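# Fold and contact review
Each chain, written out:
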Amino acid sequence: MTDGVPTWEEVARDKGRFMYTVAYRLAGNDEDAQDLVQEALIRVKRGLERYEPGSLEGWLARIVTNVFLDEVRRRRRRPTDALPDDPERVLPPSPGADEVSTQLSDDIQTALAALPEEFRVPVVLCDVADQSYEQIAAALGVPVGTVRSRLHRGRRLLRSMLSEGVA
Amino acid sequence: MSRVARVVLAAVLAAVVGVLVLPGARADDAESVLDRARNATVREDFSGLVQIEWLADGEWQTARVPVTGTGGTVQVGEGVRKAEGRGNERWIAGVSGWQAGWDEAVTGNVPSPSKHWDLALTKGTEIAGRPTLVVTATDPRTDEARLKVYCDRDTGVMLRREVLDAKGRVVRAVGFVEVKKLGGTRDAAPADPKAKKSKDSTPDRVASVPDGFDAPATVADRYVLAGRYLRPDGIVQLYYTDGLFGVSVFQQRGDLDTSGLPRGSEGVAVGDARGRGYEVAGGTVLVWDHEAMTRTVVSDATIADLRAFAAAFDDRTEHHGGIVEDITDFVLAPFRWN
Amino acid sequence: MNREPTMPGADVLSAYLDGECTDAERVLVEEQLASSEELRDELAEARAARDAVRALPLRDAPPEFWARMLAADPEPEAVLVPAAAAAPVDLAERRARRSPSRWLAAAAGAAAAAVIAVVVLVPQPQSATPPVGAFTAAHAVRSSLQDDAVSSLAPLAVSAGFRR
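Residues numbered from 1 in each chain as written. Chains lettered and ligands numbered in written order. Predicted model: local features only at pLDDT ≥ 70, side-chain atom pairs only at ≥ 80, totals over all residues. Heavy atoms only, no water.

Another point: the interface of chain C and chain B. Across the contact, 47 residues belong to chain C and 70 residues belong to chain B. Of the roughly 4900 Å² buried where chain C meets chain B, counting both sides, 61% is carbon and sulfur surface. Linking chain C to chain B there are four salt bridges. The shortest N-O distance in the salt bridge between C:Glu20 and B:Arg274 comes to 3.9 Å. On inspection of chain C and its partner chain B, the count reaches 14 residue pairs in polar contact (both at pLDDT 80 or more). For the side of chain C that touches chain B, the secondary structure elements donating two or more residues are helix H3 (37–54), strand E1 (127–128), helix H8 (132–146) and helix H9 (149–153) of chain C. Per-element accounting of the side of chain C that touches chain B gives the leading share, twelve residues, to H8(C). Of the residues contributing to the side of chain C that touches chain B, the split by class is 24 nonpolar, eleven polar and twelve charged. The pairing of strand E17 (residues 255–256) of chain B with E1(C) spans two bridges and is classified as parallel. Bridging across to E1(C), B:Leu256 finds its partner in C:Ala128. (Contact = heavy atoms within 4.5 Å. Buried area = accessible area lost by both parts, 1.4 Å probe. Salt bridge = Lys/Arg side-chain N within 4 Å of Asp/Glu carboxyl O. Polar contact = N/O pair within 3.5 Å; in protein donor to acceptor, adjacent residues only side chain to side chain. Helix = DSSP H or I, 4+ residues; strand = E, 2+ residues; numbered from the N terminus. Nonpolar A, V, L, I, M, F, W, Y, C, P; charged D, E, K, R; others polar. Pairing = 2+ DSSP bridges.)

Quick look at the packing of helix H5 (residues 117–127) of chain A against helix H6 (residues 133–140) of chain A now. All names here are of chain A. Packing of H5 against H6 leaves a shortest axis separation of 10 Å and a crossing angle of 140°. When the axis of H5 is compared with that of H6, the two are oblique. Our pair here, H5 against H6, has a crossing hand that is right-handed. Taking contact as the criterion, the partners of Val-121, Pro-122, Leu-125 and Cys-126 in H5 are, on H6, Tyr-133, Ile-136, Ala-139 and Leu-140. Of the residues assigned to the contact of H5 with H6, the class counts are eight nonpolar, no polar and no charged. (Axes fitted to C-alpha atoms, helices over the stretch in contact; angles between N-to-C directions. Parallel < 35°, antiparallel > 145°, perpendicular 65-115°, else oblique. Left-handed = near helix turned anticlockwise from the far one by under 90°.)

A word on the environment of B:Leu164. Looking at the secondary structure, you find B:Leu164 in strand E10 (residues 158–164). Contacts of B:Leu164, omitting those with residues within four sequence positions, involve B:Ala145, B:Arg146, B:Leu147, B:Lys148, B:Arg169, B:Val170, B:Val171 and B:Thr302.

Encoded structure:
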């Protein structure tokens, strides 16, 4: 590391697990998470020259999020894959009894993946990446007040999903 | 003397003692009660059940631990998790058996609690069926009670310690819920736990901390440095006390990497740093970094108190004009240690 | 699904949970919590969801993923050395202080060796993860020597309560 700026190798080694975790919680599955991290690492490599030492995890979380949102927007442009951007949208239909997972961690992960991105991203950035509201606001380009309300609604939605056993 | 006469005499003496201990009794009586309680569990044999209660995220958590004292040896826990203390030695049992936790002498010069606290001694509520005296420590700056220590009237053993927040609400307590034996005949201490007691596995007392680390003699003009140690993993460990609350400080080189921390922490601002705080059975923990040094403090004081301690510690250790601070530390240090 | 609309102004509850509201807001929230069961319920729900997500473990990529990532970068990153470089650090000591990573050993040995051979490393602070469980135990031990041993040692006999 020079002057607080890590090398690409150091980022991959020391923060790889962190980046993959954030990507996985955003994307909901391993295949997409791997694609996300791969693309993010390319952007990290390019961005290291301009990186100002500060919160490394904040910077990396922002890059992973941007890659994720770029992919979401790209998928939305394909009509067959368009997801309605309706915050009140109900979650996926309840799975059959035999599909209900008994592992709590699976339940929460499924619920998280079922959240609309608008809410999932602030929840992941806050509770998985440990970012402050200001950092999340900067990452998403929205005011802090918007972060607050999306985070709160996201948590409420998660809670309803978990209590209903939908996940 | 006949048995009846003995009983009557005991009752009279108890009444006399009760009369002497009035609300608003002098602080030095309170201080002597605290002093007596400090090692009463080494002087007296006892056996019972202790409960730890603490507020975590607005919800009460509890845990119960069987405890015994035999011939000066204190033992807590059973089964896989146990700990033991005798003299200056401490032992901790885990899955892989006993390990030495401590084997250094400790300075007896603890600051007087009445220096920064207003102490009052009164009759306390019964704890685990035992009548008590309670020392209430009030912060003169806010006039709020922050600590209550209930001691057995008979033996002086501390039966309950309650920590109160700045609004006077109990947020943490450790105390007996059952007393099977307290005082009376003493038994011989049990045998030493069989563990490899190598110097390498316990912290070593050091005369000065390595370059780059900080160990101010006082923090926030109230906590006094009572020990400096170097752990086998290279981490610097300090112990501060204001006479009532002890604070351990751990220092490691490097910026704080939160990705490896356990979940369940709250974000806590310490100056410009974004630290993380925990409330667990063993106390309140605050982690943050300052000038490329990761710091952790542990105490049974509240998170607000720890935050103030942390900010004061950072202030004290700002690396500008270091020489002046070193001299000030030297002059103000109330006692020396080797 | 709970179709009831979120109470107006309830967004501040999440900010309250995360320590992200102002002191004035905190006072207001606590006042309102004291008198409103609905608000208390909503706070409990938000907290439950927050805790559930926070309890999720770190996720590891499949083992060959990182090997692929590093292999895809055949040219090791040359660290720019500033003109006034400090003295080289003891590389073995520096390596020893870092926690080992299994895939690094497996896949990146050659790349790492190349990096180290090419550059002069400037001593820089690494990052530290405090072992908070061990610290809590160490505090229990030390404070038991200064104050009542029973209350100080008792927490060592219970699970520390840290969650991964």
